[in-house]
Every structure is written in C-alpha cells, then in structure tokens.
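For reference, the chains in residue letters:
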Amino acid sequence: METKPKITISTFDMTVIENSLEETRLPPEFLDELEAELARAEVLEPAAVPENVACLNKQVTFKVLETGKVFTKTLTAPEQVDKYDDSLSVFAPLGAALIGLSVGQSIQWKTNRGLQSVEIIHVA
C-alpha cells in the first residue's frame, strides 16, 4: 500500500468539515476514507498553515497524473459550492483528496473513475 503524504488542516477547516459531516449523507466507504484522512492530519491554527497548503476557499491548481490534465478549482465546504464558479466540494472525491496537501505533493484517491493520482501544482 502506498504511503500517504503528510497533510495539514486548519482548525477552522476542520470545524467546518466536521460540522458538514454531521449534516450529510455520504456513502459509508467514502465517509470512512474522509474521516481517516482528517484523523491523520496535522491540525494548526489558520495563521500557522503555510500558504502553499490546499485549504477551504483557496484556489488549487492540480494535475490528474493518469491523464496529464490540469485543473484549477476553489475548494469549498459542500454548502458553499454555489459561492464560486469553479467550486470543488471537499466532499467530492477529488476535493477530499486535495484538502491539506501542499504544492508538490501527490496522493492516490478513489474517484468515480477508479483510483486516480493527483498532484498539487499551485495554491492561491
């Protein structure tokens, strides 16, 4: 099994995600994966999170390694997907994969298209 990269999540993002989890009906296997990901995160005060970490309400440019396609999306809580034209919910498989990663890191994650690897290129 592949070793997962270190991830960092702010206390703010963790609270928003945990509150959203209480109000959602995600498939149990996805919920388990997301909760396992959150459990292994280093949780820091928002001011201590490095600028290059994918956080809620930040625009993240990433590459799907299997296809080479590059996307730029704004990570959001599920209830805020209408806030941005390029929203990607943290409860979507790719959103869950990206949260907490920093520029240069990659992770393999189960998506609707099977296992995919994504790499963070830029965070703004």
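- Under the annotation held in an unreviewed UniProt entry, the protein carries the name Transcription elongation factor GreAB and is attributed to Idiomarina piscisalsi.

1. A look at the overall build of the protein
Right, so step 1: From N to C terminus, the protein includes three helices and seven strands.
Right, so step 2: Listing each helix as α and each strand as β along the protein from the N terminus yields β-α-α-β-β-β-β-α-β-β.
Right, so step 3: Taken over the C-alpha trace, the protein has a radius of gyration of 13 Å; the compact-globule value for 124 residues is 14 Å, and the two agree within 12%.
Right, so step 4: For the C-alpha atoms alone, the extent of the protein along its principal axes is close to 35 × 30 × 30 Å.
Right, so step 5: When each of the 124 residues of the protein is scored for burial, the buried share is 44%.
Right, so step 6: Sequence separation of at least 24 residues holds for 57% of the intrachain contacts in the protein that already meet a minimum separation of 6.
Right, so step 7: Accessible surface, the protein as shown: approximately 6,800 Å² in total, 50% of it carbon and sulfur.
Right, so step 8: Here the protein contributes 11 positively and 19 negatively charged side chains, and the mean placements of these two sets differ by 7 Å.

Definitions and cut-offs
Residues numbered from 1 in each chain as written. Predicted model: local features only at pLDDT ≥ 70, side-chain atom pairs only at ≥ 80, totals over all residues. Heavy atoms only, no water. Helix = DSSP H or I, 4+ residues; strand = E, 2+ residues; numbered from the N terminus. Rg over C-alpha atoms; globule rule 2.2 N^0.38 Å. Buried < 20%, exposed > 50% of the residue type's maximum accessible area, 1.4 Å probe, protein only. Contact = heavy atoms within 4.5 Å. Areas by Shrake-Rupley, 256 points an atom, 1.4 Å probe, with all protein chains shown as cover. Lys, Arg positive; Asp, Glu negative; His and termini not counted. Charge placed at Lys NZ, Arg CZ, Asp CG, Glu CD.

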